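# Descriptive structure summary
Each chain, letter by letter, is given below.
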Amino acid sequence: MTTKPLDPAVPPQQAAPPDDAERPGRVTLRGTVRTGRRLTIPRSVRRSVGPVGLILLWLLTSATGVLPETVLASPVDVVRQAVELTRSGELPDAIAASGRRAAIGFAIGASVALGLSLLAGLFRLGEDVIDSSMGMFRAIPWVGLIPLFIVWFGIEETPKIALVALGVTYPLYFNIYGGIRSTDAQLVEAARMMGLGKLGLITYVILPSALPGALVGLRYALSTAWLALVFAEQINADAGLGYLMSNAQQYFRTDVIVLCLVVYALLGLACDLAVRILSRRLLTWRANFEGGA
Amino acid sequence: MSFMTNSVEIRGLSRAFDGNTVLHDLDLDIPEGEFVALLGHSGCGKSTLLRILAGLDEEIGGEVTVPARRSAAFQSPRLLPWLKVWRNVVLGLPGRSDRELAAKALDEVGIADRAGVWPKTLSGGQAQRVSLARALVREPELLLLDEPFGALDALTRGRVQQLVAELWQRHGCAILLVTHDVEEALLLADRVLVMDEGRIAHELTVDLPRPRDLTAPEFVTLRARLLNWLGVTRTLEGTPS
């Protein structure tokens, strides 16, 4: 621009372009491609720094006695317990008993959720009858039902399985139902135009488009299943991880308690990993944002 | 009265949305094998008419006769993202999914090599070609096209328009093309209808030899007439002397 500023109030340095960093209305785009020998740490290493550091801190404070054993056992003791209980067969038995409860409860809850969400998602009548009721039941904290379940089902396996089933039902139901209802109407229209009948629409259009939501629901459901199990196994368990834990509590064995918590966590992680692998297999057709930077 | 058999016969068709009349007592015949373009401003009822002919809208008054074998392609390709391209093509056809049939249809639209990929990997033009293959594999007597070139870039659009012209000549089906592109209508159609406020306001028979030349004086005259009907006043630039 060669014109003189019209407004005398404009400071003179505005007319002459200042250093490029300060020029108003302009930004410098810097690329992310790195040249040269900058040291780059692999992502997996960067991600493991936090957890490994915390475990080292735990080890260090236990070894120096800053963290007394009555508060939290040292990681060395926890590992020793793991080896011992595995050798004696107690830990595998406990995992099997807990796993059985989780599996049966999950199977029941998932079947109920699937049935209800299909009815509510595919039929107007089903929606009117089921969805409002599910909304109402969801407002009840399911952990609070333990006393009622004990009254109804006693203190054996049934209330434990029922609690897991209940915890699993909600996340699966709402995610599958939501997935069915978010089916793209344009795709339904196109598929109808191509001659698909009601059953064909459900198999080829509605259910596949509900799948991503269902898998999110599955992840929630599995983590809820383990959580429900932890609560449920506080009820007079005579086998399982909860039994191991309440026994340990009586003898102040923090090493066994920590071990059980770690096992719960590992089981939860394993389930989550399984669903993530399943999702990757089933959803290869999706064009998704894969996460940047 | 024409002695040709009609593919589409519409008598006294009306359609209202919440008391708001979109189609007024509309009459229209489309003879077998004719290429009809339907022009009009947004909201003039042209897409409503197409949806009715597709059988997607049944809350209508009047009488509509259409061939049982009809199919459609829309502005967005509307492929099912969870089915491989070839499965999308033969979706809904009776019997087992026939990959060979799909391959033949995809070959016809020039993308046989993309049969085994997911729709997400296709470009816009490729996806639209798949959508055309899916419509044509059904051997329709009536093909409904709802602005199928609208979302394509100019270069791709020209190529896909050319493809539609070829496919129409080969298959001989009647085509109803909804568009708001005057030149596209004149390039492709035997007859151009201009819709306004739910009625067919104007009709123009395009008696130009194919392939048509955008710069031919007759073409320019017809274009001016259509633009005038559409209420677009524009001086003709580049009129050949």
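As a reminder, the structure under discussion sits directly above these lines.
None of the values given here were measured: they were computed from a predicted structure.

The next thing to look at is the sheet that holds strand S2 (residues 20–31) of chain B. Residues and elements named next belong to chain B. One open sheet holds the three strands; their spatial order is S2-S1-S4, and the pairing between them is antiparallel. Of all the strands in the sheet, the pair left with one neighbour each is S2 and strand S4 (61–65). This sheet shows a mean twist of 15° between the axes of neighbouring strands, independent of strand direction. With eight bridges connecting them, strand S1 (residues 6–17) and S2 associate as antiparallel partners. Paired with Ala 16 across the two strands is Thr 21, which belongs to S2. Lying on the sheet, helix H1 (residues 46–54) is in contact with S1, S2 and S4; it crosses S1 at an angle near 120°.

Residue and element names in this part refer to chain B. Buried residues are scarce in S4, accounting for zero of its five residues. Strand direction decides the pairing type here: S1 and S4, joined by four bridges, are antiparallel. Bridge pairing in S4 links Arg 11 to Glu 63.

Attention now goes to the environment of Asn 175 of chain A. Residues and elements named next belong to chain A. On the secondary structure map, Asn 175 appears in helix H7 (residues 157–181). Spatially, the C-alpha atoms of Asn 175 and Leu 118 are 11 Å apart, while their sequence positions differ by 57 residues. In contact with Asn 175, not counting residues within four places along its chain, are Gly 213, Ala 214, Val 216 and Gly 217.

On to the pairing of strand S9 (residues 199–205) of chain B. Residues and elements named next belong to chain B. In terms of strand pairing, strand S8 (residues 191–196) meets S9 through six bridges, oriented antiparallel. Considered in S9, the bridge of Leu 193 is made with Glu 203. Here S8 folds back onto S9, and the loop between the two strands holds two residues, one of which, Glu 197, carries a positive phi near 45°.

Calculation rules
Residues numbered from 1 in each chain as written. Chains lettered and ligands numbered in written order. Predicted model: local features only at pLDDT ≥ 70, side-chain atom pairs only at ≥ 80, totals over all residues. Pairing = 2+ DSSP bridges. Helix = DSSP H or I, 4+ residues; strand = E, 2+ residues; numbered from the N terminus. Axes fitted to C-alpha atoms, helices over the stretch in contact; angles between N-to-C directions. Contact = placed C-beta atoms within 7 Å. Buried ≥ 20, exposed ≤ 12 C-beta atoms within 10 Å, placed from the backbone.

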